[in-house]
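# Structural overview for review
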Amino acid sequence: MGPVNLPPAAQFVAGDWRAGTGAVETVLEPATGRPLGDVAGAGAADVDAALAGARTAADTGPWARATPRERSEALYRLHGVLTGWTERLVEIVVAETGCPVGLTRGQQVGLPLRHLEHWAEAARRPQLSGRPPVLTPRSDGTTMLGSWAVRREPYGVVAAITPYNFPLLENIMKIGPALAAGNSVVLKPSPLTPYSALVLAAAAQDAGLPAGVLSVITGGADTGAALTTDPRVDLVSFTGSDAVGAAILAAAAPRTTKVLLELGGKSALIVRADADVELAARIGVQNITTHAGQGCALATRHLVHHRVRTAYLDRVRALLDATVVGDPWDAATGMGPLIRAAAVERVAGHVDRAVAAGATVVSGGERPVEAVGGFYYRPTILSDVDNSWPVAQQEIFGPVGVVIGFGDDDEAVAIANDSPYGLAGHVVSADAGGAFALACRLRTGTVDINGGPGYTNPGVPFGGYKRSGLGRENGSEGLDEYTQLKTIKYHGG
Ligand code: NAD
């Protein structure tokens with residue numbers, strides 16, 4: 001496709017489009033390596049105006065004072081506008097992420113629209129709850145009747161900073177609950193995928209969201225850092241790498257700004273001896289190939305019981321060897337490109353170093369000959385790997401899995417938990433009770449048994465243990481993160 005046809009001014013600030021005064025970034029199409037367009041990022045004046053607009057909307061504007069029902073109706077209007085643009089959203093997301101069209105239609109566009117609908121409904125949640133009244137004796141012999149009202153209030157201004165891999169989903173997973181709770185939001189997407197955030201701004205304008213309630217500014221680390229250090233920001237909600245997450249936590253510390261972090265992972269897939277090997281292999285392959293491995297919760301360490309290890313490797317090899325890598329618009333494509341040439345280099349470097357250390361390439365381990373242009377690497381599985389090696393400890397964020405054998409559940413749990421990360425885990429077993437017991441022992445925020453339902457449910461909490469994050473997205477717990485509690489004590493004489 002050609003350049004994405006969106007407003008040329010890439011900053012949506014306090015209800016108006018404006019040209020960015022920062023550095024110009026050429027956005028590339030990962031499938032071909034060709035430019036999609038030039039985006040002028042936010043300069044200091046744009047960041048300042050976005051925060052001033054968000055502050056006004058939060059302090060004196062109509063959003064924070066709107067009733068839950070009014071906010072719900074506005075979010076339903078936003079959902080309606082975006083739903084009408086579904087096919088355009090698919091084009092935009094395929095163009096800027098390179099994610100295959102089928103996966104894009106389902107997980108990158110359909111799923112976030114369902115998330116937004118969920119938050120439109122959740123916005124109706126009452127803000128006020130009460131505690132039972134209490135009769136307290138006074139020293140003069142009379143009695144006082146008193147009680148407590150507890151009010152969930154928005155934080156005020158939320159700075160939302162997002163990564164490139166599932167941009168529409170990640171953007172909506174932030175603006176949905178933040179707006180539903182009554183905050184105003186300044187969203188800064190990844191400079192690699194700005195368009196699926198700008199389209200949200202265009203939809204907010206069409207849906208008539210009040211000025212300043214949602215601003216979208218583009219740019220890289222400097223723009224993000226300007227948001228995380230500004231005293232006008234009450235909450236920083238970040239999804240991205242653990243290194244940047246740690247930097248944001250440090251940057252927010254001097255003002256004790258609340259920080260919500262959804263970070264990287266190195267999740268384990270545990271294949272027990274009683275597992276259906278065909279099912280396990282399909283789950284294993286899906287965790288390597290889905291969006292070329294650019295998913296935070298994908299399982300990249302495959303811990304396989306010694307009894308089924310050879311059968312597992314044989315089946316995974318066959319499935320990966322047959323995977324078509326190439327054009328994301330082609331329905332036959334099983335896996336598309338990585339985001340940039342540097343990502344391919346990073347993935348190749350990890351594989352080459354692991355092989356030099358003694359790992360065996362079971363499938364992949366090279367750039368595909370058939371895909372010309374674009375940023376491609378074949379889906380790869382390595383065996384003869386030790387869990388202590390960098391390839392098993394570091395997040396690669398590409399289509400690479402390693403297979404490690406184990407002898408019993410205790411050993412599987414020990415290996416799975418021997419990781420700085422704790423985002424997700426997967427268990428494949430014919431024994432549901434045994435798999436559940438094993439799931440309870442994993443130090444991770446989620447565990448899928450036999451593949452789970454296969455999508456991120458907006459009604460269910462999601463987030464990480466250890467270096468994978470702080471706080472939770474989704475569910476009522478995720479909505480709570482965007483609120484603070486006020487207790488009002490009163491007595492009736
Ligand atoms: P990244 O950390 O490089 O960038 C994420 C965002 O942070 C971008 O918008 C970037 O411009 C901004 N940024 C960079 N430096 C900054 C700074 N110093 N201050 C403020 N903002 C800054 O991540 P990425 O490469 O875009 O995405 C991949 C990473 O995201 C992986 O680690 C992946 O696991 C993680 N991720 C996590 C989840 C989750 O829910 N846990 C979901 C998706 C992706």
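Residues numbered from 1 in each chain as written. Predicted model: local features only at pLDDT ≥ 70, side-chain atom pairs only at ≥ 80, totals over all residues. Heavy atoms only, no water.

Close to the ligand lie 28 residues; Thr162, Glu170, Ser241, Leu263 and Glu395 are nearest. The backbone of Thr162 places a nitrogen or oxygen atom 2.8 Å from an oxygen atom of the ligand. With respect to the ligand, the side chain of Lys188 contributes an N or O atom lying 2.9 Å from an oxygen atom. Out of a free accessible area of 860 Å², the ligand has 86% covered by protein chains. Of all the elements, helix H8 (residues 221-228) adds the most residues to the shell around the ligand, at three residues. Each of domain 1 (11-263 + 469-491) and domain 2 (267-457) accounts for three or more of the residues forming the shell around the ligand. (Near = heavy atom within 4 Å. Polar contact = N/O pair within 3.5 Å; in protein donor to acceptor, adjacent residues only side chain to side chain. Areas by Shrake-Rupley, 256 points an atom, 1.4 Å probe, with all protein chains shown as cover. Helix = DSSP H or I, 4+ residues; strand = E, 2+ residues; numbered from the N terminus. Domains from an automatic or database assignment.)

With that settled, consider the domain arrangement of the chain. Domain annotation of the chain identifies domain 1 (11-263 + 469-491) and domain 2 (267-457). Each of domain 1 and domain 2 was reduced to a C-alpha centroid, and the two centroids are 32 Å apart. Contacts between the two partners involve 32 residues from domain 1, matched on the other side by 25 residues from domain 2. Both faces combined, the contact of domain 1 with domain 2 buries some 2,300 Å², and carbon together with sulfur accounts for 62% of it. Applying the counting rule to domain 1 against domain 2 returns zero salt bridges. Inspection of the region where domain 1 meets domain 2 yields nine residue pairs in polar contact (both at pLDDT 80 or more). (Contact = heavy atoms within 4.5 Å. Buried area = accessible area lost by both parts, 1.4 Å probe. Salt bridge = Lys/Arg side-chain N within 4 Å of Asp/Glu carboxyl O.)

Turning our attention to the nonpolar core. Counting residues in each nonpolar core, the largest one holds 55 residues, and the members touching the most others are Leu78, Val185 and Leu187. Leave out the neighbours within four places in its chain, and Leu187 touches Ala160, Thr162, Asn171, Ile175, Ala197, Leu200, Leu214, Ser215, Val216 and Ile217. With 39 residues, the next largest nonpolar core counts Ile270, Val385, Phe397 and Ile415 among its residues. (Core = buried A, V, L, I, M, F, W, Y, C linked by side-chain atoms within 4.5 Å. Buried < 20%, exposed > 50% of the residue type's maximum accessible area, 1.4 Å probe, protein only.)

Here Val277 lies in helix H10 (residues 277-289). In the structure, Val277 is positioned 66 residues away from Ala343 in sequence and 31 Å away in space, judged by C-alpha atoms. Residues within four places of Val277 in sequence aside, it is in contact with Val308, Ala311 and Tyr312.

Take the packing of aromatic side chains next. Think of a pair of aromatic rings as described by two things: how far the centres are apart, and how the planes are tilted against each other in angle. One pass over the full model with this rule turns up two aromatic pairs. With a centroid separation of 4.9 Å and 50 degrees between ring planes, the pair formed by Phe12 and Trp17 is classed as tilted. Judged by relative accessible area, Phe12 falls into the buried class, the value being 4%. The class of Trp17 is partly exposed, set by a relative accessible area of 23%. On the basis of an interplanar angle of 80 degrees and a centroid distance of 6.0 Å, the ring pair of Tyr164 and Phe397 is categorised as edge-to-face. (Phe/Tyr/Trp six-rings, centres within 6.5 Å; stacked < 30°, edge-to-face > 60°.)

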